[in-house]
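Listed below, chain by chain, are the residues.
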Amino acid sequence: MAIEEVIDRAIRLKDSIVIEYCTRSGMIFTCRISNIDYSNYNGGGYIQAYREDIEADRTFKICRILKVNGHAFRHVFWRQIGDDFKRIY
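Residues numbered from 1 in each chain as written. Predicted model: local features only at pLDDT ≥ 70, side-chain atom pairs only at ≥ 80, totals over all residues. Heavy atoms only, no water.

1. Regarding the packing of aromatic side chains
Overall, the coordinates contain three aromatic pairs when judged by the stated rule. Between Tyr21 and Phe29, the ring centres sit 5.7 Å apart and the planes meet at 50°, which makes this aromatic pair tilted. Each ring, one from Tyr21 and one from Phe60, has its centre 5.2 Å from the other, and the planes form 80°; the classification is edge-to-face. A residue pair is termed long-range when its members are at least 10 positions apart, and Tyr21 in strand S1 (residues 17-22) and Phe60 in strand S4 (residues 56-61) qualify at 39 residues. (Phe/Tyr/Trp six-rings, centres within 6.5 Å; stacked < 30°, edge-to-face > 60°. Helix = DSSP H or I, 4+ residues; strand = E, 2+ residues; numbered from the N terminus.)

In structure tokens:
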């Protein structure tokens, strides 16, 4: 199952999911998101969701989502996160 299928299912069923996400600077964090929907931000490829741990709406780039509910979808490559990043914790 592709990550887009998991997102589609979460949107359709109004489910919350736990994601592991890699920021542009290389920081990796895990959070639970709900109220998920696709976003046209920057031409698409993003989702808008409510991040439950900080109680705020956030936009996430789909290609930076590493895991959904513990299932891995992506591998982080150095060129994706920039030259300044030295180490993933």
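2. Comments concerning the nonpolar core
If you look at the biggest cluster of nonpolar residues, it comprises 17 residues, and the most contacted ones within it are Ile19, Ile33, Ile36, Ile47, Phe60 and Ile65. Listed by contribution, the elements that provide at least two residues to this core are helix H1 (3-13), S1, strand S2 (28-39), strand S3 (46-51) and strand S5 (65-68). (Core = buried A, V, L, I, M, F, W, Y, C linked by side-chain atoms within 4.5 Å. Buried < 20%, exposed > 50% of the residue type's maximum accessible area, 1.4 Å probe, protein only.)

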